Amino acid sequence: MIVNLRAARFRACMILLTGATCLVDPRPQAAAQSKPPDASAVLAEIRSKDTGQLAVSEEDGRFLRLMIASSGTKRALEIGGASGYSAIWMGLGLRKTGGRLVTIEYDPARARELVANVRRAGLADIVEVRTGDAFQQIPKITGTFDFVFLDAWKKDYKRFFDLVYPRLDANGLFIAHNVVNKKNEMADFLAAVQTHPSLWTTIVSPSGEGMSVSLRK
Ligand SMILES: C[S@@+](CC[C@H](N)C(=O)[O-])C[C@H]1O[C@@H](n2cnc3c(N)ncnc32)[C@H](O)[C@@H]1O
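Being a predicted model, the structure only gives us computed values, none of them experimental.

The share of residues in the chain with pLDDT of 70 or more is 83%, and the mean pLDDT across the chain is 88. In the predicted structure, residues 1-32 sits below a pLDDT of 50 and forms eleven contacts with residues beyond four places in sequence or in another chain.

Below you can see the structure in the form of structure tokens.
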């Protein structure tokens, strides 16, 4: 069989060389040459280029993936996608649950990187990128959410919580980033989630940045 294939390829090469019409491309198939998506390489590249230190830490990314996989998340929302570091971690968890993520980023250059990075990580069927101001984009998304990750500008956290909470499912999770290292910029938000009668909230800090994790009872 190997010999026959080689002979066929040789014949096809001769057809190409002589300019005759050829229905069989003798060159190795592109699919056979292309490598499967390598999400860890894309994650490492995003981090190496992240001079503004926008991306969550690797430990926080692992935590997000674990929370999504263990809660069986189906409809996730991210506010503040940047170049896709956290979205890719969450997308890896959603690959396991069969869920989807909508991530919103209003910086156009970052949003383009986000789209490209999600695609290179092999998660384009799971992660949808919306470009624009999340305050305007969220009302355009239909349905409810069972997982929300908030990582936009910190002064806006309370307003985002007020906007999204009515659409958070019972047993849904609302997770916000930087609640330890930037807690002074979001005192109103932290007071709201820590005193809310319909939420159980705890603060975790896998790497010092801190995340509030709130479950809607
Ligand atoms: C800390 S970075 C997000 C990092 C990202 N979650 C990650 O780990 O890779 C915050 C991002 O939120 C975006 N952002 C801030 N306010 C926004 C808004 N109102 N709508 C959409 N994006 C917003 C910023 O442009 C910025 O890229």
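On to a nonpolar patch on the surface. Together, L54, Y106 and W153 make up a nonpolar patch on the protein surface, roughly 300 Å² of accessible area in all. Summarising the element assignment, Y106 is placed in the loop between β2 (100-105) and α6 (108-120).

What follows is about the environment of A87. By the secondary structure assignment, A87 is in helix α5 (residues 85-97). A sequence separation of 40 residues divides A87 from V127, and the C-alpha atoms of the two residues are 7.3 Å apart. Residues contacting A87, with those up to four places away along its chain left out, are E78, L101, T103, L114 and V127.

On to the sheet that holds strand β6 (residues 199-204). Whenever strands of a sheet pair, they do so through backbone hydrogen bonds, lying parallel or antiparallel. If you walk across this open sheet you meet the seven strands as β3-β2-β1-β4-β5-β7-β6, and the pairing is mixed. Looking at which strands have only one partner, the edges of the open sheet turn out to be β3 (127-131) and β6. This sheet shows a mean twist of 15° between the axes of neighbouring strands, independent of strand direction. Sheet topology note: the strand β1 (residues 75-79)/strand β4 (residues 145-150) ladder contains four bridges and is parallel. Bridged to E78 within β4 is F149. In the packing of α6 onto the sheet, contacts are made with β2 and β3, and the angle to β3 comes to roughly 165°. Packed onto the sheet, helix α9 (residues 187-195) meets β5 (168-177), β6 and β7 (211-216) and runs at close to 125° relative to β6.

Turning our eyes to something else, we now look at the site of the ligand. Taken together, 20 residues form the shell around the ligand, and within it S86, E105, R110, A134 and D151 come nearest. With respect to the ligand, the backbone of Y106 contributes an N or O atom lying 3.2 Å from a nitrogen atom. The side chain of D151 places a nitrogen or oxygen atom 2.8 Å from a nitrogen atom of the ligand. When residues of the shell around the ligand are traced back to their parent elements, those giving at least two are α5 and β2. The residue inventory of the shell around the ligand, partitioned by class, reads eleven nonpolar, four polar and five charged.

The rules behind the values
- Residues numbered from 1 in each chain as written.
- Predicted model: local features only at pLDDT ≥ 70, side-chain atom pairs only at ≥ 80, totals over all residues.
- Heavy atoms only, no water.
- pLDDT = per-residue confidence, 0-100.
- Contact = heavy atoms within 4.5 Å.
- Patch = residues over 30% accessible without salt bridge, like charges linked within 9 Å, V, L, I, M, F, W, Y side chains within 5 Å.
- Areas by Shrake-Rupley, 256 points an atom, 1.4 Å probe, with all protein chains shown as cover.
- Salt bridge = Lys/Arg side-chain N within 4 Å of Asp/Glu carboxyl O.
- Helix = DSSP H or I, 4+ residues; strand = E, 2+ residues; numbered from the N terminus.
- Pairing = 2+ DSSP bridges.
- Axes fitted to C-alpha atoms, helices over the stretch in contact; angles between N-to-C directions.
- Near = heavy atom within 4 Å.
- Polar contact = N/O pair within 3.5 Å; in protein donor to acceptor, adjacent residues only side chain to side chain.
- Nonpolar A, V, L, I, M, F, W, Y, C, P; charged D, E, K, R; others polar.

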